[in-house]
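# Structure at a glance
Spelled out, the chains give:
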Amino acid sequence: MFKITRKYMRLYGLFIKNCLIAQMEFRGNFMMSLLVESVYLLAKLLYVLVVFRTDLHVDGIPPEGLLLFIGMHTVVTGIYVGLFFTNFMKIPEYVKDGSLDFMLTKPVSLQFMASLRYVDLALPIPDILVGFVMIGIGWHAMDIPLTFLQLAGFALLLLVSVVITYCLMIIPALLSFWFVQTGSVSEIAHSVWGRQQFPYGYIPGLGPAGRDFCYSSIPYYQFRTNVSAWAD
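Here we come to the overall build of the chain. Across its full length, the chain carries 12 helices and zero strands. Counting from the amino terminus, the chain carries its helices and strands in the arrangement α-α-α-α-α-α-α-α-α-α-α-α. Of all 232 residues assigned to the chain, the portion counted as buried reaches 41%. Sequence separation of at least 24 residues holds for 75% of the intrachain contacts in the chain that already meet a minimum separation of 6. Of the accessible surface of the chain, which amounts to about 13100 Å², a share of 71% is contributed by carbon and sulfur atoms.

Applying the stated criterion across every chain, the model contains 11 aromatic pairs. Aromatic side chains Tyr 80 and Phe 88 sit 6.3 Å apart centroid to centroid with 50° between the ring planes, which places their arrangement in the tilted category. Like Tyr 80, the residue Phe 88 is buried in the burial classification. One aromatic cluster is present, built from ring pairs that chain together Tyr 80, Phe 84, Phe 85, Phe 88 and Tyr 166. Across the ring face of Tyr 118, the terminal group of Lys 90 is positioned such that the distance to the ring centre comes to 5.0 Å.

A negative phi holds for most residues other than glycine; trans holds for most peptide bonds. A positive phi angle, close to 55°, is found at Asp 143, a residue other than glycine. As for its placement among the helices and strands, Asp 143 is situated in the loop between helix 6 (124–141) and helix 7 (148–169). You can call Asp 143 exposed: its relative accessible area is 66%.

Grouped together as the largest cluster of nonpolar side chains are 35 residues, with contacts concentrated most on Tyr 80, Phe 84, Phe 88, Ile 91 and Ile 135. Those elements giving two or more residues to this core turn out to be helix 1 (2–24), helix 3 (63–97), helix 4 (99–103), helix 5 (110–116), helix 6, helix 7 and helix 10 (183–194). Here this core takes 11 residues from helix 3, the largest share from any one element. Discounting chain neighbours no more than four positions away, the residues touching Tyr 80 are Phe 85, Phe 88, Thr 165, Met 169, His 190 and Trp 193.

Among the secondary structure elements, Glu 37 is positioned in helix 2 (residues 27–53). Buried charged residue Glu 37 carries no salt bridge. Nearest counter-charge: Lys 44, at 5.9 Å. Setting aside chain neighbours within four positions, we find Glu 37 in contact with Leu 123, Pro 126 and Asp 127.

Take the packing of helix 3 against helix 7 next. Between helix 3 and helix 7, the shortest axis-to-axis distance is 10 Å and the interhelical angle comes to 40°. On the basis of their axis angle, the class for helix 3 and helix 7 is oblique. Judged by the twist between their axes, the crossing of helix 3 over helix 7 is right-handed. Side by side, helix 3 and helix 7 meet where Met 72, Val 75, Val 76, Ile 79, Tyr 80, Phe 84 and Phe 88 of the first sit next to Phe 154, Leu 158, Ser 161, Val 162, Thr 165, Tyr 166 and Met 169 of the second. Taken together, the residues of the contact of helix 3 with helix 7 break down into 12 nonpolar, two polar and no charged.

Before going further, it helps to spend a moment on helix 1. Look at helix 1: 33 Å from first C-alpha to last across 23 residues, which is about the 33 Å you get at 1.5 Å a residue. Of all the positions in helix 1, only Tyr 12, Phe 15, Cys 19 and Gln 23 are classed as buried. Contact partners of the buried residues in helix 1: helix 2, helix 3 and helix 5.

Attention shifts here to helix 7. The end-to-end C-alpha distance of helix 7 is 31 Å, a good match for the 32 Å that 22 residues give at a rise of 1.5 Å each. What helix 7 keeps buried is the set Gln 150, Gly 153, Phe 154, Leu 157, Leu 158, Ser 161, Val 162, Ile 164, Thr 165, Tyr 166 and Met 169.

Here we come to a nonpolar patch on the surface. On the surface, a cluster of nonpolar side chains totalling about 380 Å² of accessible area is made up of Met 32, Leu 35, Val 36 and Val 39. Assignment of secondary structure puts Val 39 in helix 2.

Before going further, it helps to spend a moment on the packing of helix 2 against helix 3. Across the interface, helix 2 lies against helix 3 with an axial gap of 9 Å and an inter-helix angle of 165°. If you check the angle between helix 2 and helix 3, you find them roughly antiparallel. Considering only the axes of helix 2 and helix 3, their crossing is right-handed. The residues of helix 3 that touch helix 2, namely those facing Leu 41, Lys 44, Val 48, Val 51 and Phe 52, are Pro 63, Glu 64, Leu 66, Leu 67, Ile 70, His 73, Thr 74 and Thr 77. Classifying every residue of the contact of helix 2 with helix 3 by side-chain character gives eight nonpolar, three polar and two charged.

Calculation criteria
- All residue numbers refer to positions counted from 1 along the written sequence of the respective chain.
- Only residues with pLDDT of 70 or above have their local features reported here, since the model is predicted, and side-chain atom pairs are shown and tallied only from 80 upward, although totals for entire chains, interfaces and linings are computed over all residues.
- Hydrogen atoms and water are omitted, and side-chain values are computed over all heavy atoms in the structure.
- Helix numbers and strand numbers start at the N terminus; a helix is a DSSP run of H or I with at least 4 residues, a strand a run of E with at least 2.
- A 1.4 Å probe rolled over the protein chains alone gives each residue an accessible area, and that area as a share of the maximum for its type sets the label: buried under 20%, exposed over 50%, partly exposed in between.
- Any two residues whose heavy atoms approach within 4.5 Å are treated as being in contact.
- To be clear on the numbers: accessible area is Shrake-Rupley with a 1.4 Å probe, and residue cover counts the displayed protein chains and nothing else.
- The aromatic pairing rule takes the rings of Phe, Tyr and Trp, using the six-membered ring of Trp, and pairs them if the centres are within 6.5 Å, calling planes under 30 degrees apart stacked, those over 60 edge-to-face and the rest tilted.
- Criterion for a charge above a ring: Lys NZ or Arg CZ within 6 Å of the ring centre, and within 35 degrees of the ring normal.
- We define a nonpolar core as any set of buried Ala, Val, Leu, Ile, Met, Phe, Trp, Tyr and Cys residues linked to one another through side-chain atoms lying within 4.5 Å.
- The sign given to each residue is positive for Lys and Arg and negative for Asp and Glu; His and the chain ends receive no count.
- A pair is scored as a salt bridge if a Lys or Arg side-chain nitrogen falls within 4 Å of a carboxyl oxygen belonging to Asp or Glu.
- Lines fitted to C-alpha atoms define the axes here, with helix axes fitted over just the stretch in contact, and angles between the N-to-C directions of these axes take values from 0 to 180 degrees.
- For classification, angles of less than 35 degrees are called roughly parallel, those exceeding 145 degrees roughly antiparallel, those between 65 and 115 degrees roughly perpendicular, and all remaining angles oblique.
- By definition, any crossing whose near helix is turned counterclockwise from its far helix by less than a right angle is left-handed, and any crossing with a clockwise turn is right-handed.
- Residue polarity is assigned by list, with Asp, Glu, Lys and Arg as charged and Ala, Val, Leu, Ile, Met, Phe, Trp, Tyr, Cys and Pro as nonpolar; anything else, Gly included, falls into the polar class.
- A helix is expected to reach a length of 1.5 Å times the quantity of its residues less one.
- Like-charged residues within 9 Å of one another, or nonpolar side chains (Val, Leu, Ile, Met, Phe, Trp, Tyr) within 5 Å, are grouped into patches, provided each residue has over 30% relative accessible area and no salt bridge.

So this is what it looks like as structure tokens:
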């Protein structure tokens, strides 16, 4: 088991190295990706400005707690776009052009090859850096103890969030085995993803029953909500 794990870790390291070399060949594109993602992140930070300007409280969570929550969302978004997004978008192409059949002949897991082959090293940088800054500011403002147990629990829930994100966001790509074109489903999934910047209690226009239905269908959201609640 350990030997197989080491084999895949070494292979994934080669994937990252190859992707870094490929992206550094076109450094202008790399810098442009950083710039575009930074502008997108700046627009997202307007939510934070509105939260503090209006002194918004959601289910008793103060603006500082919402900052912690939004920072968590931003970090997981960075991890998702860096490790998974490109691969998930390519799976329907593999199905259409027959590349998936070629992957079956390789002596490694098909799922590993199809869903983890490419790593984007530019897009996640702004999200992860700014996200952790927001988490740090929110953590300090809410006087959450900075202990090993707290950090370990936070890291565990972050890991669980990433795993559940992988499991949920790959579903639109897997539908391409039956429907080939799944772009609309992916857009819906990413729209739902973007809507998860606020905690459970905040969905304008929906009553408690509607919120319960929406969020119970997104387990990942519950884990991220639990991060803020547990940190309290």
